[in-house]
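Coordinates in review
Residue-level listing of the chains:
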Amino acid sequence: MNQNRRVCIWDNLKCILIFSVVVGHFTNQFAEQSDWMRSISIFIYSFHMPLFIFLSGLLQKKWDEDHPFQWSKPIYYMILGYLLKIMIYGIKVFFGQNAEFSFFSDTGIPWYMFAMAAYMTMMYLTRKWNAKVWFPLTIVIACLAGYVEEIGSFLYLSRIIVFFPFYFAGYLLKPETVQNISQHKWMRWLSVAVLALCLYISFFHLNDVYSYIRLFTARNAYALINVEGCNWVHRFVWYGVSALIGMSVISLTPNRELSFAGVIGQRTLQIYFWHRLVLYVLMYSGFADSLKITFAGMWIPVYLFLAVAITLALSLDLFGKPLRRLQKCEQWVCRRLVAYGR
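Now for a description of the structure that goes with this document. Since we're looking at a predicted model, the values are computed, not measured.

Each value, and the rule that gives it
- Residues numbered from 1 in each chain as written.
- Predicted model: local features only at pLDDT ≥ 70, side-chain atom pairs only at ≥ 80, totals over all residues.
- Heavy atoms only, no water.
- Core = buried A, V, L, I, M, F, W, Y, C linked by side-chain atoms within 4.5 Å.
- Buried < 20%, exposed > 50% of the residue type's maximum accessible area, 1.4 Å probe, protein only.
- Contact = heavy atoms within 4.5 Å.
- Axes fitted to C-alpha atoms, helices over the stretch in contact; angles between N-to-C directions.
- Helix = DSSP H or I, 4+ residues; strand = E, 2+ residues; numbered from the N terminus.
- Parallel < 35°, antiparallel > 145°, perpendicular 65-115°, else oblique.
- Nonpolar A, V, L, I, M, F, W, Y, C, P; charged D, E, K, R; others polar.
- Salt bridge = Lys/Arg side-chain N within 4 Å of Asp/Glu carboxyl O.
- Phe/Tyr/Trp six-rings, centres within 6.5 Å; stacked < 30°, edge-to-face > 60°.
- Lys NZ or Arg CZ within 6 Å of the ring centre and 35° of its normal.

Another aspect to go through is the nonpolar core. In terms of nonpolar packing, the biggest core is built from 104 residues, with Trp111, Tyr112, Tyr119, Phe163 and Tyr303 touching the most fellow members. Sequence-distant contacts of Tyr119, defined by excluding residues within four places in its chain, comprise Ile53, Arg159, Ile160, Phe163, Phe164 and Tyr167.

Okay, structure coming up:
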């Protein structure tokens with residue numbers, strides 16, 4: 001297999017996913033005011049974070065003598081998580097919003113940073129366990145966790161537990177295997193049908209499916225999800241549906257070099273870090289609401305164009321430099337601590 005082509009598809013996929021993340025967060029701000037926004041939100045939320053986390057596990061190098069586990073990586077994610085929490089708190093205070101800061105709980109986007117730190121650590125500590133037993137057990141645990149309302153945003157437990165099987169599945173598979181399956185002609189036709197059906201349901205049966213968005217966020221117990229009789233079956237079916245949609249997106253992802261997509265795909269972390277901060281400023285300053293007045297009937301396409309433009313802007317190297325400097329400082333401190341411990 002051509003190594004360059006193998007890398008291209010994953011960079012292109014990460015580009016698609018980070019656009020989905022940003023657009024999803026933008027549309028969700030006005031989901032209660034527009035059916036179009038709700039339709040886009042429910043479609044994106046059905047697969048974007050599961051696939052993003054699956055891809056993180058898929059591209060995670062297996063730990064061995066040539067690739068030893070580095071504690072600096074999960075520590076770096078945790079530092080980014082707390083830095084995000086501080087910056088979000090500061091923006092809310094600046095704009096006079098209700099601001100609360102908690103070291104161990106959060107309902108916003110910092111959860112992803114802490115989840116990634118947890119996943120890397122969990123996979124390393126359990127790398128020698130029998131995956132044939134451990135993997136299905138993680139799904140069982142996730143399905144049962146929905147019955148415990150106390151498992152919520154504290155320590156980001158609900159999302160960490162519920163999304164972990166996607167990371168685990170990615171870690172167990174080889175990128176070549178996933179690519180080979182996704183590139184079959186029959187898989188591509190199936191993918192077109194699956195995504196077309198999902199879009200049809202999202203836009204033409206919105207009222208029937210939108211209540212499931214709380215299930216898709218993985219943050220809520222079943223009792224807090226506005227779906228009658230919501231239980232482990234709903235979560236189990238969602239795993240299958242999300243996996244099918246995710247595989248469909250992979251199958252239809254271009255497997256050739258696209259320069260702009262490659263750059264964005266390699267800079268997803270910086271885009272993820274900054275985009276919600278920009279969105280908070282737009283919302284709390286009243287700028288987003290002013291678009292509705294200024295552009296009237298055209299405000300939705302203008303608003304979506306703004307989300308895309310911000311994603312492109314945040315992919316500039318300018319926004320990656322502070323994070324790289326922070327990472328270098330963190331790695332230097334970790335090395336010093338290791339050397340001191342010896």
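That was the structure; now back to the text.
Let us now look at the packing of helix α3 (residues 48-58) against helix α12 (residues 232-252). Viewed as axis vectors pointing N to C, α3 and α12 meet at an angle of 70°, and their least axial separation amounts to 9 Å. On the basis of their axis angle, the class for α3 and α12 is roughly perpendicular. Counting all contacts with α3, which are made through Pro50, Leu51 and Phe54, the residues of α12 involved are Trp238, Ser242, Gly246, Val249 and Ile250. When grouped by side-chain class, the residues that make up the contact of α3 with α12 number six nonpolar, two polar and no charged.

Taken as a whole and judged by the stated rule, the model has three salt bridges. Residues Asp11 and Lys14 are paired through a salt bridge, measuring 3.9 Å at the closest nitrogen-oxygen approach. Of this pair, Asp11 and Lys14 both sit in helix α1 (residues 3-28), three residues apart, roughly one helical turn. Assigned by exposure class, Asp11 and Lys14 land together as buried. A salt bridge links Arg38 to Asp35; the nearest nitrogen and oxygen atoms lie 3.2 Å apart. Taken together, the positions of Arg38 and Asp35, both in helix α2 (residues 35-45) and three residues apart, correspond to about one turn of that helix.

A separate point is the packing of aromatic side chains. Scanning the model with the defined rule gives 40 aromatic pairs in all. A ring pair is formed by Trp111 and Phe163, whose centres lie 5.4 Å apart and whose planes are at 20°; its orientation type is stacked. With Trp111 in helix α5 (residues 111-125) and Phe163 in helix α7 (residues 157-172), the pair connects residues that are 52 residues apart, well separated along the chain. On the basis of relative accessibility, which here comes to 5%, the residue Trp111 falls in the buried class. Judged by its relative accessible area of 1%, Phe163 falls in the buried class. Between Trp134 and Phe164, the aromatic rings sit 6.2 Å apart at their centres with planes inclined by 55°, giving tilted as the arrangement. Taken together, the positions of Trp134 in helix α6 (residues 131-145) and Phe164 in helix α7 put the pair 30 residues apart, joining distant regions of the chain. For Trp134, a relative accessible area of 14% puts it in the buried group. Taking relative accessible area as the criterion, Phe164 reaches 3% and is therefore assigned buried. Following the ring pairs from residue to residue traces out a cluster consisting of Phe52, Trp111, Tyr112, Phe163, Phe166, Phe216, Trp238, Tyr239 and Tyr272. Just above the ring of Phe101 sits the side chain of Lys85; from NZ or CZ to the centre is 5.5 Å.

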